[in-house]
Amino acid sequence: MKYISFLIFIVSIQLGFSQTFVKDSLNNQPVSFATIDFGNGYGTFADEEGKFYYSEKLYKGIDTLIISALGYKKKKIATNKLTDTIKLPHEASILEEVIVTAKPKGKFKIMTIKPNGHEDYFKCWLPTIESEIAVYFPNNSPNTKRISKLLLPIKTEAKNWDKRHKDKHEKRPFSTLFRVHFYENNKGLPGDVLTYEKILFIANQNTDPIFELDVTKSNIMIPKDGIFVSIQVLGYTDKDGKLLPNKKYKEVETKRGIVRVSTTFRPLLPFTDKIASKQTFVKRIFHNNGKWVLFDLKNINNSNLLKAGLNNYGMGLEVEVYKEK
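Residues numbered from 1 in each chain as written. Predicted model: local features only at pLDDT ≥ 70, side-chain atom pairs only at ≥ 80, totals over all residues. Heavy atoms only, no water.

(A) Region of the structure containing empty space enclosed by the protein. All told, the structure shown has two cavities of 30 Å³ or more when counted by the stated rule. There is about 50 Å³ of room inside the largest cavity. Lining the largest cavity are W125, P127, S131, I133, F178, I231, Q232, V233 and L269. At three residues, strand β16 (residues 227–236) tops the list of elements feeding residues into the lining of the largest cavity. Residues that form the lining of the largest cavity fall into these classes: seven nonpolar, two polar and no charged. Within this model, the second largest cavity holds a volume of roughly 30 Å³. (1 Å grid on protein atoms, 1.4 Å probe; cavity = no way out; pocket = protein on both sides within 12 Å on 5 of 7 lines; lining within 4 Å. Points joined across faces, edges and corners; volume = space filled by probe spheres on them. Helix = DSSP H or I, 4+ residues; strand = E, 2+ residues; numbered from the N terminus. Nonpolar A, V, L, I, M, F, W, Y, C, P; charged D, E, K, R; others polar.)

Take a look at the structure:
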């Protein structure tokens, strides 16, 4: 850990990093994992301590940062006026709102919506910082339902990894931090969040092909109009789970000039054609004001997954279904 911290320190000096903390304007507490939008279709995230790094050498041609987080007002900062602390004010409506959900009582049975996973690299989504994926789950009965687990298909290795190594059982190490959101159904699209709790998990090379995330303590009830469950990559972490200040895109020289290519992260996310309805939605966080769209050829015409008929991320759920009184 000391070596990693020292390495980050050295890189920071070499690239002229500016270290900035995002804090709550009322209580001066860190705003964990705030979104840092570069205004050019790319961005990054603050870490758990609300800290992020910016460098003109690393991120060329950026004159403004847009800082945002759920429950807070957005704030624009000129990069030449960036200070060591940015304080975000609360949204007035959010400040007054307290989401309280009573824990259900009585007998219940477990209902499992099975996940759809596989090992085919060519049928997987390559996660990037700019994308969030949400899956819609309808509510088909009046019974009270509480989500107990998310069942998340993942693929830890890229194609041909075994062929490049003598030891076929060797796995390339990585550690990736994900964030989970739960959204109301707003006319068929993800709407307001159902909890402001930060729900996180880390996947690495040893994670099971179906990762089980227990969310019982979050007390997420499925509304009558159904629920959207999303996952979003925040970036790679060190061995202690701290988010690293990785660059989130590469600049590639082409005949047309410099092209920015988003950095992809492992694990990959298996998509499937085994779900009849189209229930997966995506948004590019730093594009188009972060609007959600159905993952469909009508909305996204350059996706190889969609061209192959793979419309859905194969997320599953474990749900407590309570007996009607």
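(B) Focus on the side chain of N143. Considering the arrangement of structural elements, one finds N143 in the loop between β10 (131–137) and β11 (145–153). Residue N143 is classed as buried on the basis of its relative accessible area, which comes to 18%. (Buried < 20%, exposed > 50% of the residue type's maximum accessible area, 1.4 Å probe, protein only.)

(C) Quick peek at the layout of surface pockets. Space inside the second largest pocket adds up to approximately 870 Å³. For the second largest pocket, the lining is made up of 25 residues, of which W125, F295, I300, N302 and S303 are closest to its centre. Elements supplying a minimum of two residues to the lining of the second largest pocket: β9 (124–125), β20 (280–284) and α3 (304–307). Among the elements that make up the lining of the second largest pocket, the one with the highest residue count is β20 (three residues). Across the lining of the second largest pocket, the residue classes break down as ten nonpolar, eleven polar and four charged.

(D) Fine view of the pairing of β16. Among the ten residues that make up β16, nine are buried, leaving the element largely enclosed by the rest of the structure. Pairing of β10 with β16, which is carried by six bridges, proceeds in the antiparallel orientation. Bridge pairing in β16 links Y136 to F228. Strand direction decides the pairing type here: strand β12 (residues 175–186) and β16, joined by nine bridges, are antiparallel. From the neighbouring strand, F182 faces β16, where its bridge partner is V229. (Pairing = 2+ DSSP bridges.)

(E) Looking closely at the sheet that holds β9. Taken together, the three strands give an open sheet; going across it, the order is β9-β19-β22, and neighbouring strands pair in antiparallel fashion. Looking along the sheet, the strands with just one partner apiece sit at the ends: β9 and β22 (312–313). Where β9 lies against strand β19 (residues 269–272), two bridges are found, and the strand directions are antiparallel. Each bridged residue has a counterpart across the sheet, and for W125 the counterpart in β19 is L269.

(F) Fine view of the nonpolar core. Counting residues in each nonpolar core, the largest one holds 46 residues, and the members touching the most others are I147, L150, F182 and V229. For this core, the element with the highest residue contribution is β16, accounting for five residues. Other than its neighbours up to four places away in sequence, L150 contacts V180, F182, F211, E212, L213, V215, V229, G316 and L317. Counting residues in hydrophobic clusters, the runner-up holds 21 residues, among them V31, I36, I62 and Y249. (Core = buried A, V, L, I, M, F, W, Y, C linked by side-chain atoms within 4.5 Å. Contact = heavy atoms within 4.5 Å.)

(G) Quick peek at the environment of L88. Note that L88 resides in strand β7 (residues 85–88). The sequence separation of L88 and V31 amounts to 57 residues, and the corresponding C-alpha distance is 8.2 Å. For L88, the residues in contact, after removing those within four places along its chain, are V22, K23, D24, S25, V31, I67, S68, A69, Y72, K73 and K75.

(H) Geometry of the packing of aromatic side chains. Using the criterion set out here, one finds 15 aromatic pairs in the structure. Ring geometry for Y183 versus W292: centroids 5.7 Å apart, planes at 70°, classification edge-to-face. Taken together, the positions of Y183 in strand β12 and W292 in the loop between β20 and β21 (293–294) put the pair 109 residues apart, joining distant regions of the chain. Looking at Y183, the relative accessible area reads 5%, which means it is buried. W292 sits in the buried class, given a relative accessible area of 12%. Here the aromatic rings of Y236 and F265 are separated by 4.7 Å at their centres, their planes lie at 55°, and the arrangement is tilted. Taken as a pair, Y236 in strand β16 and F265 in the loop between β18 (257–262) and β19 lie far apart in primary sequence, 29 residues in all. Here F265 falls in the buried class, since its relative accessible area comes to 3%. Linked through ring pairs, W125, F271, F295 and Y313 together constitute an aromatic cluster. (Phe/Tyr/Trp six-rings, centres within 6.5 Å; stacked < 30°, edge-to-face > 60°.)

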